[in-house]
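Spelled out, the chains give:
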Amino acid sequence: MPGGEFEVRFASGERTRCVIRAGALATLDELASEAGLSGKAALIADERLLSTRHGPALLRYADTRLGRPITRSVSEARKCLPEAEAICEVLAERGLGRDGFVVAVGGGVLTDLAGFAAAIYLRGVPWISVPTTLLAQVDAGLGGKTGANLRAGKNLAGAFHQPRAVVCDPEALSTLPPRELWSGLAEVVKCALLAPKEDAGGVTLLERCEGNLEGAAAGSPEALASLVEACMRLKGRIVATDEREGGARAFLNLGHTVGHAIEAATAYQRFTHGEAVALGLRGALRLSHSRKLLDTPSLQRALDLVARLEIGVDRRLSQGEREAVIAALAHDKKARGGKVRFVLLAGLGGPRVEEVSAEECARAVEASLS
Ligand SMILES: NC(=O)c1ccc[n+]([C@@H]2O[C@H](COP(=O)([O-])OP(=O)(O)OC[C@H]3O[C@@H](n4cnc5c(N)ncnc54)[C@H](O)[C@@H]3O)[C@@H](O)[C@H]2O)c1
Ligand SMILES: [Zn+2]
């Protein structure tokens, strides 16, 4: 079974141990002590996850070590400051001290929120991130960005708080609805397109992705572990050099400029995040090609991979919706001092950030949606 372990070391001196291992959900106790955490702990868990077949092992862990888990029913609407406050109140009621720690188990909403509670409770207690959706394993779980939404927008409140460990169990993904799995695979494809060629010891992440995409979508733990590990190593290298998001972290936004605009223009109802990113990748790739950064065979190879992402929903947008996507990009431009920046590819594995004109934006939107 592929998988692995490695450590991400930040310039600040913080370290995050990353473990990708089948069955890890049942050994959280050992993994916490291996990460140097042995005090009182609080398990904060995604309610939906607890109702799956993974629930009993987590409840056993909580029972023997920690007392009842703090369960949260999560959604973007409930990823808010009052929820973080409610978690902190329970931590205080349970008397969690500075020698204690938080274990956050669930999708990206739960790990962002519980990580944020860990960041602010007693001005910061250690935490372990245990992401259980593919999107959270390859993206949200690692890197220390924690937070909540405000009415004015997503993720507008938060803190950087690195987890001591990120534990990914590919078997945890067996209960995910297929649409969630495909959504996570869009982020995997994004990583594959921007990963440097020398990354994965002979086999590039792009080749791994091309070889394992359908296997991973069918739930093969081997295929999933192989992709999760490679994506985490890539993200680990990026965040280690850019802990506070001033530089290379922006590369992880490949496909996201148009993707976010599509999500906003369709009121976050029609597409999952990954589906919107898959569409946005097409625009970014075509724009890279028209700027002569990406040659035709590379463009074709990348588009072929993106086309294998199953987007089950109708992606045809009405003229009004297309205009709303362009308006959302213009809104983004205003918020960023009059400039729209895209992550483009100067060759596969060669991400760079460039400013683009309004006309190019419109063309990228058309390419994403056609
Ligand atoms: N911190 C970061 O760097 C970062 C990066 C990317 C995304 N994010 C955040 O992540 C969030 C999206 O995360 P997500 O896609 O995981 O969504 P999510 O947390 O809403 O999870 C999706 C659904 O899957 C359920 N679920 C979780 N694990 C499951 C399992 N194993 N089996 C069955 N169901 C399960 C959840 O209850 C939820 O209903 C967004 O809020 C986004 O802002 C954060
Ligand atoms: Zn994303």
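Conventions and cut-offs
- Residues numbered from 1 in each chain as written.
- Chains lettered and ligands numbered in written order.
- Predicted model: local features only at pLDDT ≥ 70, side-chain atom pairs only at ≥ 80, totals over all residues.
- Heavy atoms only, no water.
- Near = heavy atom within 4 Å.
- Polar contact = N/O pair within 3.5 Å; in protein donor to acceptor, adjacent residues only side chain to side chain.
- Areas by Shrake-Rupley, 256 points an atom, 1.4 Å probe, with all protein chains shown as cover.
- Pairing = 2+ DSSP bridges.
- Helix = DSSP H or I, 4+ residues; strand = E, 2+ residues; numbered from the N terminus.
- Axes fitted to C-alpha atoms, helices over the stretch in contact; angles between N-to-C directions.
- Contact = heavy atoms within 4.5 Å.
- Buried < 20%, exposed > 50% of the residue type's maximum accessible area, 1.4 Å probe, protein only.
- Lys, Arg positive; Asp, Glu negative; His and termini not counted.
- Salt bridge = Lys/Arg side-chain N within 4 Å of Asp/Glu carboxyl O.
- Donors = N, O, S within 2.8 Å, 3.2 Å for Na, K, Ca; no water.
- Disulfide = S-S within 2.5 Å.
- 1 Å grid on protein atoms, 1.4 Å probe; cavity = no way out; pocket = protein on both sides within 12 Å on 5 of 7 lines; lining within 4 Å.
- Points joined across faces, edges and corners; volume = space filled by probe spheres on them.
- Nonpolar A, V, L, I, M, F, W, Y, C, P; charged D, E, K, R; others polar.
- Patch = residues over 30% accessible without salt bridge, like charges linked within 9 Å, V, L, I, M, F, W, Y side chains within 5 Å.
- Domains from an automatic or database assignment.
- Buried area = accessible area lost by both parts, 1.4 Å probe.

## Digging into the site of ligand 1
Of all residues adjacent to ligand 1, which total 22 residues, the nearest are Asp46, Arg48, Glu76, Thr133 and Thr175. In the model, an oxygen atom of ligand 1 is placed 2.5 Å from a nitrogen or oxygen of the glutamate 76 side chain. Contact between ligand 1 and lysine 145: a nitrogen atom at 2.9 Å from a main-chain N or O atom of the residue. With the chains in place, 87% of the 870 Å² that ligand 1 exposes on its own is no longer accessible.

## Side note on the sheet that holds strand E1 (residues 4-9)
The strand order E1-E2-E9-E6-E5-E3-E4 describes an open sheet built from 7 strands, whose pairing is mixed. Two strands in the sheet have a free side with no partner beyond their single neighbour: E1 and strand E4 (70-72). Between one strand axis and the next, the sheet turns through 15° on average, direction left out of account. Strand direction decides the pairing type here: strand E2 (residues 15-20) and strand E9 (residues 165-168), joined by 4 bridges, are parallel. Counterpart to cysteine 18 in the pairing with E9 is valine 166. Each of strand E3 (41-46), E4 and strand E5 (101-106) touches helix H4 (residues 81-93); the most contacted strand, E4, lies at about 170° to it.

## Quick notes on the side chain of aspartate 46
In this fold, aspartate 46 is placed in strand E3. For aspartate 46, which is buried and forms no salt bridge, the nearest opposite charge comes from arginine 48, at a distance of 5.8 Å. Leaving out residues up to four positions away in the same chain, aspartate 46 has contacts with Arg72, Val74, Val105, Gly106, Gly107 and Leu110.

## Some words on the coordination of the zinc ion (ligand 2)
Here the zinc ion (ligand 2) is held by the protein donor atoms Glu187 (OE), His256 (NE2) and His273 (NE2), which lie 2.0 to 2.1 Å from it. Along the chain, the residues that donate to the zinc ion (ligand 2) are spaced as E-x68-H-x16-H. Here glutamate 187 is found in helix H7 (residues 178-194), whereas its partner histidine 256 is found in helix H10 (residues 256-265), with 69 residues between them in sequence.

## A look at the state of the cysteines
One pass over the structure, following the stated rule, counts 0 disulfides. The thiol of cysteine 80 is not disulfide-bonded; the next cysteine sulfur, from cysteine 88, is found 12 Å away. For the unlinked cysteine cysteine 231, the closest cysteine sulfur is that of cysteine 191, found at 3.9 Å. Taking relative accessible area as the criterion, cysteine 231 reaches 0% and is therefore assigned buried.

## Focus on the layout of surface pockets
As a volume, the second largest pocket reaches approximately 170 Å³. Residue composition of the lining of the second largest pocket, grouped by class: 4 nonpolar, 2 polar and 5 charged.

## Considerations on unusual backbone geometry
Positive phi outside glycine occurs at arginine 123, with the angle close to 60°. Mapped onto the fold, arginine 123 is located in the loop between helix H5 (108-120) and strand E6 (127-131). Note on arginine 123: relative accessible area 75%, which makes it exposed. At tyrosine 268, a residue that is not glycine, the phi angle is positive and equals roughly 60°. With respect to the secondary-structure elements, tyrosine 268 resides in the loop between H10 and helix H11 (273-290).

## Quick word on the environment of serine 220
Position of serine 220 relative to the elements: it lies in the loop between helix H8 (205-217) and helix H9 (221-241). C-alpha separation for the pair serine 220 and leucine 173, spaced 47 residues apart in sequence, amounts to 9.5 Å.

## Some points on a nonpolar patch on the surface
Residues Leu81, Leu150 and Leu156 make up a contiguous nonpolar surface patch of about 250 Å² in total accessible area. When you line up the elements, leucine 156 lands in strand E8 (residues 153-160).

## Looking at the environment of arginine 179
By the secondary structure assignment, arginine 179 is in helix H7. Arginine 179 sits in the partly exposed class, given a relative accessible area of 38%. Contact partners of arginine 179, with chain neighbours within four places excluded, come to Arg270, Phe271, Thr272, Glu275 and Val313.

## Some points on the environment of serine 290
By the element assignment, serine 290 lies in helix H11. A polar side-chain atom of serine 290 sits 3.2 Å from the main-chain carbonyl oxygen of leucine 287.

## Comments concerning the domain arrangement of the protein
Entries for the protein in the domain assignment read domain 1 (4-176) and domain 2 (179-369). Here the C-alpha centroids of domain 1 and domain 2 sit 26 Å apart. Residue-level contacts link 27 residues of domain 1 with 25 residues of domain 2. For the domain 1 and domain 2 pair, buried surface summed over both sides reaches about 2,400 Å², with 69% attributable to carbon and sulfur atoms. In terms of surface lost to domain 2, no three residues of domain 1 exceed Leu134, Val138 and Phe160, which account for 25% of the buried area on that side. Here domain 1 is connected to domain 2 by 3 salt bridges. Run the count over domain 1 and domain 2 and you get 6 residue pairs in polar contact (both at pLDDT 80 or more).

## Some details on the pairing of strand E7 (residues 145-150)
Strand direction decides the pairing type here: E7 and E8, joined by 5 bridges, are antiparallel. Note on E8: the bridge partner recorded for lysine 145 is phenylalanine 160. Between the end of E7 and the start of E8, which pair antiparallel, lie 2 residues.

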